[in-house]
Amino acid sequence: MCGICGIWNHDGRPVEPEALAAASEAFLHRGPDDAGHLFLNSRTGEHSLAGPKIGPPPAGANVALGHRRLSIIDLSPAGRQPMTNEDGTIWLTFNGEIYNFLELRDRLLARGHAFKSRTDTETIIHLYEEMNEEFLTEIHGMFALALWDGRRRRLILARDRAGKKPLWLAQGKNFTAFASELKSLTAAGLAEKELDYKSLDRFLAYGYVPSPGAIFKGVRKLRPAESLVIDNDGAILQRKYWQLKYEPKQNLSLAEAKDGLREILQQAVARRLISDVPLGAFLSGGTDSSVVVALMSRAAAGAVRTFSVGFGERGFDELAYARVVARHCKTQHMEIMVRPDLVKALPALVWLYGEPYADSSALPSFYLARATRRHVTVALNGDGGDESFLGYRRFAGLRLAARLKGLPRPLLAAGRELCKFLSGIKAHDRGAFEYGYRLFRGLTGGDSLLKTYLSWIGIFSPAERAALYTPEMAAELGELETGGYLAGILDNLPITDLAERFAALDVSSYLPEDLLVKMDMATMAHALEARSPLLDTAVMEWAAALPPELKLKGGVHKRVLKELARDLLPAEVVDRPKMGFGLPVGRWFKGPLKAWLEKWLLDGPLTSEGWMQKPALHLLLNEHIAGQADHTHRIWALVFLAQWMELVLQGPNRPPAEAMELMPALARAKV
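Quantities reported herein were computed from a predicted structural model and do not represent experimental measurements. (Residues numbered from 1 in each chain as written. Predicted model: local features only at pLDDT ≥ 70, side-chain atom pairs only at ≥ 80, totals over all residues. Heavy atoms only, no water.)

Comments concerning the side chain of S509
This is how the line gets drawn: Helix and strand definitions here come from DSSP, where helices need a minimum of 4 consecutive H or I residues and strands a minimum of 2 consecutive E residues; each element is numbered from the N-terminal end. Burial classes follow relative accessibility: with a 1.4 Å probe on protein chains only, a residue under 20% of its type's maximum area counts as buried, one over 50% as exposed, and anything between as partly exposed. What makes two residues a contact is simply this: any of their non-hydrogen atoms within 4.5 Å.
On the secondary structure map, S509 appears in the loop between α19 (498-508) and α20 (510-524). Looking at S509, the relative accessible area reads 0%, which means it is buried. Not counting the four nearest positions on each side in its chain, S509 is found in contact with Y208, Y453, Y485, L486, I489 and D514.

Right, here's the structure in full:
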């Protein structure tokens, strides 16, 4: 697991060593163990390869590749990147893990290829020699990569199928640049901090900036399973090399499906246990991570190391369930209690993410990864179970909405008011009655199913955003986002079952744009590698081909996964209510952080820069503090945006003091 970057001047201008160094140093936390920097003349092939210290490049070196290494497999100097083939015509800088590289290596050895390392990186190089760009269809894992083909004078960029590893691209007059993080491009002067207003509005609609857009103009993100072939004059051939298919369906009984899932998931777990460094697992006590740990315990040579984090907050503590799983699976379990300091942590998160990000579970994820990294370098997790096995409440809610649409409007209005009353009693924003209120509110207003879905997963509706923006900001924005990004994905999904259709939408949007960004940022902030067996390509494809009733029937979500869990885990874990991974930030906003919030939202850059109207922000805060509404996710989005404006948009290209203090990987870097 690493960070990668590169610059190609198509007009032949030499790359400035300082630019590559700045791009590489900006994500030092991703790879504190080693570094490599290549400078190459694309016309002659002359090159120089340096370690952390960059020396004088050869004359006319207009291509440069950078790498920061987190050593996982083959810890020797033979694993250093950028890596080349025997004659120096192909170079690769690569971030991630290829889980089937041993099988590919054996196949390539049989074809006569010679290897000088034990790395998966070298396997990719030789596979490209055999298959050209079709090599992407053969590698399975998590990755972002850049491959320079000197014979054809072209650059290939690609991301993995699920979208676990990020890759950013900037192109200007006669140059192409890429990096694992946005801050690398701005720190090197390869991208300007010019706000993309459409992306800003989309952030406030969805809670993230959707790919391929970026918060700054002139920058784009590669999408999952996307490859770009860039030729000598900068022209791009774009391709999606994989698409998750939901047809044809497997004809299986529940028992047969359970047995099939056990086999394919056990294989996925076993593939993720290959490591030359200490390895463990995140254990929340939920079904997904618990099943992963149970299967790890059956495959590992010794006791599995598991890690759970507690925050001492009532209603947000899952440690008791994790403890039950750890005892049952006989793991070497560690419980970590932390007291998050949001005032100190938020500047570190804002700098780390580089773009506005509205998921407040970024905070506990950051602390969990920080604590886990003190003991292991690799951690397995349960990401992907809800998307593949229809685990979210909204999937059943959409089916219900489709059935209720024909009811008389007065009856729908009565349901809306009843759910509103009951949600006030329960006081849980994402509880069942709040979901019901939003469902009936949408149906009463004649909303489409997409708008109903947006009311559950979105941040601010178009009307709510319009009320926030100043007239000047509204003029800059023009037409606001109304769901067109999601509608564009839905229109290209040939899936009939309603729940599966929106699950596929999540796989293309919410999963890679929100959840996997959070996991990548939280873990890489501390030079920790995260592996996700439930996002194995074979597991995802197998689950997509299951009949939907084996995943969701009645009110039973993740049906086949829970059947497997019953064979592996105590019933009290399998039958427990679903709990999200979070902290009571909404409660903190009402109490100890109230004055801090008012400073940032009412008197901070959102109002001083003329983006938002102070009375609208004041109303939002007052409603939340008075308990009239739960605006936790909206307030988090706004305070993150306010600090982003100050620290990133208007700030210097260096980490704040809070990041240096909370990210030990920066301090312990050997390079």
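Alright, that's what it looks like, and here's the rest.
What to know about the pairing of strand β8 (residues 154-159)
In terms of residue burial, β8 counts as a mostly covered element, since six of its six residues are buried. The two faces of β8 match: R154, I156 and A158 on one face and L155, L157 and R159 on the other face are all buried.

Some details on helix α14 (residues 432-444)
This is how the line gets drawn: Between the first and last residue of a helix there are one fewer steps than residues, each counted as 1.5 Å, and that sum is the expected span.
Over its 13 residues, α14 runs 18 Å from end to end, which matches the ideal 18 Å to within 8%, given 1.5 Å per residue. α14 sits mainly inside the fold: 10 of its 13 residues count as buried. Buried within α14 we find E434, Y435, G436, Y437, R438, L439, F440, G442, L443 and T444. Phi turns positive, to about 75°, at G446, one or two residues after α14.

Things to note about the environment of C5
Mapped onto the fold, C5 is located in strand β1 (residues 2-9). In this structure the C-alpha to C-alpha distance between C5 and H67, which are 62 residues apart in sequence, comes to 6.5 Å.

Description of the packing of aromatic side chains
Basically, it comes down to this: Aromatic rings from Phe, Tyr and Trp, with only the six-membered ring used for Trp, were paired whenever their centres fell within 6.5 Å, and each pair was classed as stacked if the ring planes differed by under 30 degrees, edge-to-face if by over 60, and tilted otherwise. Note on geometry: a ring has a charge over it if NZ (lysine) or CZ (arginine) is within 6 Å of the ring centre and within 35 degrees of the ring normal.
In this structure the tally under the stated criterion is 12 aromatic pairs. Ring centres of Y206 and Y485 lie 5.3 Å apart, and the angle between their planes is 65°; on these two criteria the pair is classed as edge-to-face. With Y206 in helix α5 (residues 197-206) and Y485 in helix α18 (residues 484-490), this pair connects stretches of sequence that are 279 residues apart. For the pair shown, Y206 and Y485 are each scored as buried. Plain terms: the ring middles of Y353 and Y357 are 4.6 Å apart, the flat faces sit at 25° to each other, and that makes the pair stacked. Note on accessibility: Y353 and Y357 belong to one class, buried. Here the aromatic residues Y353, Y357, W636 and F640 are joined through ring pairs into a cluster of three or more. Above the plane of the ring of Y99 lies R272, whose end atom (NZ or CZ) is 4.0 Å from the centre. Sitting over the face of the ring of Y510, R394 holds its NZ or CZ atom 5.2 Å from the ring centroid.

Treat this as a map of the structure, not an account of what it does.
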